[in-house]
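A structural walkthrough
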Amino acid sequence: MNAASAGVSFAAAEAGWFGDEARPRFGWLHRASTPAALALVIVPPFGYEAVCAHRSLRHLAEDAARAGITAVRFDLDGTGDSAGDDLDPARVEAWLASIDDACTLARSTGAAQLVLAGVRLGATLATLAATRRDDVAGLVLINPVVKGKAFLREARALQAALGLAPPPTPVADGAQELVGFAISAETQAALAAIDLTTLPACPAPCALLIERDDMPGSGALADRLRELGVALEVQRQCGYAEMMFDPHLTVVPSAMLAACIDWLRRRSVAAAVAATAAPMPAARLRRAVRLSTANGEVTETVVAIDAHLCGIVSTPDAAESRRAVVLLNAGGINRIGPNRLYVRYARGGSGGLPVLRCNVSGIGDNPPREGIEENLIYGPSMQADAETIVRWARQHVAERLVVGGLCSAGHYGYKVATAGHPLAGVLAINSIFCPGTPALPENYALRRDDARYQKRAYSLSAWGKLLRGEVALRDVARVVGWRLARGAAGFWRDLAFHFGRGDPHATRAELLRLTRAGVIFHCLYSDEDPTRSMLQDACAGSLGALLRRGHLRVQVFHEVDHAFTPRWSHPLLLAALHELASVTADQRERPS
């Protein structure tokens, strides 16, 4: 591979795109220290399950490479950083083609045989893909989806349990919503046809089936695999539920991964004995690709900012040269953003601005810095990481930057600005502004209830419930009392600020200083999100002036949760982000 086309080496792995030039898949190649006869291809699950499992699957790939087994992990077609979208046609076939491309990449390293490993729907797809190949020596199936119809029923039940607000107008595309992602009617039909208990052919000579220790196993699947001649080993392992927690809460299931590695080591010895001189396919990771979008061509480039910071720059053909947007990780979610919205924005919604989407260290694909625990949302190195990312982006992408994103990303955009970096703006979506390390305040629930009661104050049905005694008066009184105390505290803060007694490093003083320097704060809030009232408290008497001058731009979205999970809210958020391009970067407040 030449320097121009090779993937980027980063933290003992290589990142880039592979497969069809017109439909590239994004992935990581974790090489063993010496060429291995056996390679591992890791197939992720779909949608939010893939977001949650990302961290653990990265650990599985790293553990395999340390054990002498080269590993490939990747994003399925239309997911993650790969080309495409949820609603593209022929999803199941495209996912299987993605696996084939990943297998070709793994074989190109010198491996004669493969093991396919997957979680949930990824395990199902791995099984189906293995039946179409003759180089698969084994399967590792972690809590696989056995029947597609059951998967779709569970998806509908989970979506209903979230209690999200329905769309303002009916959606007519026939797609089933699943925690911020979509399954088209065509994909639903294809999934419903899958039943591993009627698998027609032997997928691999041997397999490891890992079942949850807190749920009944699938005896029917095990029976069918054995009927087909698979040498099957079944283990019940703990840790699956914790692996699939929300990304900022996930726990890597070390015992489960150790069991996988032990089984792979045994297969690796057998593969070395059975290795032949079969020709290796040609494949490579590409550092940059061109993608066709509804808004034109976009070039995407994977970049290594340092040994702990990897990101992707999306540059439209007609991109501005002076301004760009830097999107930092939203909590523990990898750089694709909540519901993959960062990818959609970067590939067509940025209004012609280049976009760098990047995690801080210890999040997603980025390893933690020495001596610091990974997956810390507000860790000790986060501000320094954000500043490093911004310095790199100013040198390599554009001079004037809007920095931020959802939740913690907005906070670190604010912190970068307070550190003196000359930003054009800060993007804060349901974010906390505070001088120190954020922590959810003790009154977080009160703020949430206050926002809910304010919204229902004009509802006759809500008053009817109150009069009928269906609402606890004690809870209402508690919120009203807190609101009065909050107003009184705000009055005294305003008075102290007016007489020069306020903290010069408090949020209000920092916001005033930064807006006078030309920084525009783009603040997007869900109407019931407690962070909205925290901004109001921080700015207090200065809020109106900041809004009138255009230095603080606040937009409120109704009936939307913290992470903008409902699909109907995605176009609204993307439209709001698109307006970043129309805001004058050099807008400044005239000295008073």
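Before going into details, it helps to say that this report is about the structure given with it. Everything numeric in this text was worked out from a predicted model, so none of it was measured. (Residues numbered from 1 in each chain as written. Predicted model: local features only at pLDDT ≥ 70, side-chain atom pairs only at ≥ 80, totals over all residues. Heavy atoms only, no water.)

Glancing now at the overall build of the chain. Within the chain, the regular secondary structure consists of 18 helices and 20 strands. Burial status across the chain gives 56% buried among its 592 residues. (Helix = DSSP H or I, 4+ residues; strand = E, 2+ residues; numbered from the N terminus. Buried < 20%, exposed > 50% of the residue type's maximum accessible area, 1.4 Å probe, protein only.)

Okay, the packing of helix α4 (residues 148-161) against helix α5 (residues 185-192) next. One way to put it is that α4 packs onto α5 with a least axis distance of 7 Å and a crossing angle of 130°. By the angle class used here, α4 and α5 are oblique. Contacts from G148, K149, F151 and L152 in α4 reach Q188, L191 and A192 in α5. Among the residues forming the contact of α4 with α5, the class breakdown is 4 nonpolar, 2 polar and 1 charged. (Axes fitted to C-alpha atoms, helices over the stretch in contact; angles between N-to-C directions. Parallel < 35°, antiparallel > 145°, perpendicular 65-115°, else oblique. Contact = heavy atoms within 4.5 Å. Nonpolar A, V, L, I, M, F, W, Y, C, P; charged D, E, K, R; others polar.)

Across all of its chains, the model carries 10 aromatic pairs by this definition. Summarising the aromatic geometry, the rings of F433 and F521 are spaced 5.7 Å apart at their centres and angled 75° between planes, so their arrangement reads as edge-to-face. Taken together, the positions of F433 in the loop between β18 (425-429) and α12 (444-456) and F521 in strand β19 (residues 520-526) put the pair 88 residues apart, joining distant regions of the chain. Classification of F521 as buried rests on a relative accessible area of 0%. Put simply, the rings of W17, F26 and W28 touch in pairs and so form one group of aromatic residues. (Phe/Tyr/Trp six-rings, centres within 6.5 Å; stacked < 30°, edge-to-face > 60°.)

Let's shift gears to empty space enclosed by the protein. Evaluated as defined, the whole model comprises 6 cavities of 30 Å³ or more. Volume-wise, the largest cavity comes out at about 360 Å³. Around the largest cavity sit 26 residues that line it, and P44, A50, H54, D75 and G80 are the ones nearest its centre. Of all elements in the fold, only β3 (25-30), α1 (48-66) and β5 (70-74) reach the threshold of two or more residues within the lining of the largest cavity. Broken down by element, the residue count for the lining of the largest cavity peaks at 4 residues, all from α1. (1 Å grid on protein atoms, 1.4 Å probe; cavity = no way out; pocket = protein on both sides within 12 Å on 5 of 7 lines; lining within 4 Å. Points joined across faces, edges and corners; volume = space filled by probe spheres on them.)

So, about the side chain of R120. Its location among the elements puts R120 in the loop between β6 (113-119) and α3 (121-130). Apart from the residues within four sequence positions on either side, R120 is in contact with P45, E49, I142, N143, P144, V145, F151, E154 and Y240.

As a further point, take α4. The end-to-end C-alpha distance of α4, which contains 14 residues, comes to 20 Å, matching closely the 20 Å that a straight helix rising 1.5 Å per residue would cover. Considered for burial, the residues of α4 that qualify are G148, F151, L152, A155 and Q159. On an axial view of α4, the arc spanned by its buried residues comes to 95°, and they lie on one face. Opposite the buried face of α4, at more than 90 degrees from it, the exposed residues are K149, R153, A160 and A161. At its buried positions, α4 is contacted by α1, α3, β8 (176-178), β9 (181-183) and α5. G163 occupies a position one or two residues after α4 and carries a positive phi of about 65°. (Expected span 1.5 Å × (residues − 1). Arc of directions from axis to C-beta.)

Turning our attention to the nonpolar core. One finds L356, L401 and F521 to be the most contacted residues of the largest nonpolar core, which totals 68 residues. Of the residues forming this core, the biggest block, 6 residues, is contributed by helix α10 (residues 382-396). When near neighbours in sequence (up to four residues on either side) are disregarded, L401 contacts A324, V326, V390, A393, R394, L423, A424 and G425. Counting residues in each nonpolar core, the second largest holds 57 residues, with V72, A126, L139 and F181 among its members. (Core = buried A, V, L, I, M, F, W, Y, C linked by side-chain atoms within 4.5 Å.)

This next bit is on the pattern of salt bridges. For the structure on display, the rule yields 38 salt bridges. A salt bridge links D365 to R73; the shortest N-O distance between them is 2.8 Å. Here D365, found in the loop between β16 (355-358) and α10, pairs with R73, found in strand β5; they are 292 residues apart in sequence, far enough to count as distant. For D365, a relative accessible area of 4% puts it in the buried group. With its nearest N and O atoms 2.9 Å apart, the salt bridge here joins R212 to D214. A cluster of three or more residues bridged by salt bridges with shared partners is formed by R73, D81, E300, R335, R347, R357 and D365. (Salt bridge = Lys/Arg side-chain N within 4 Å of Asp/Glu carboxyl O.)

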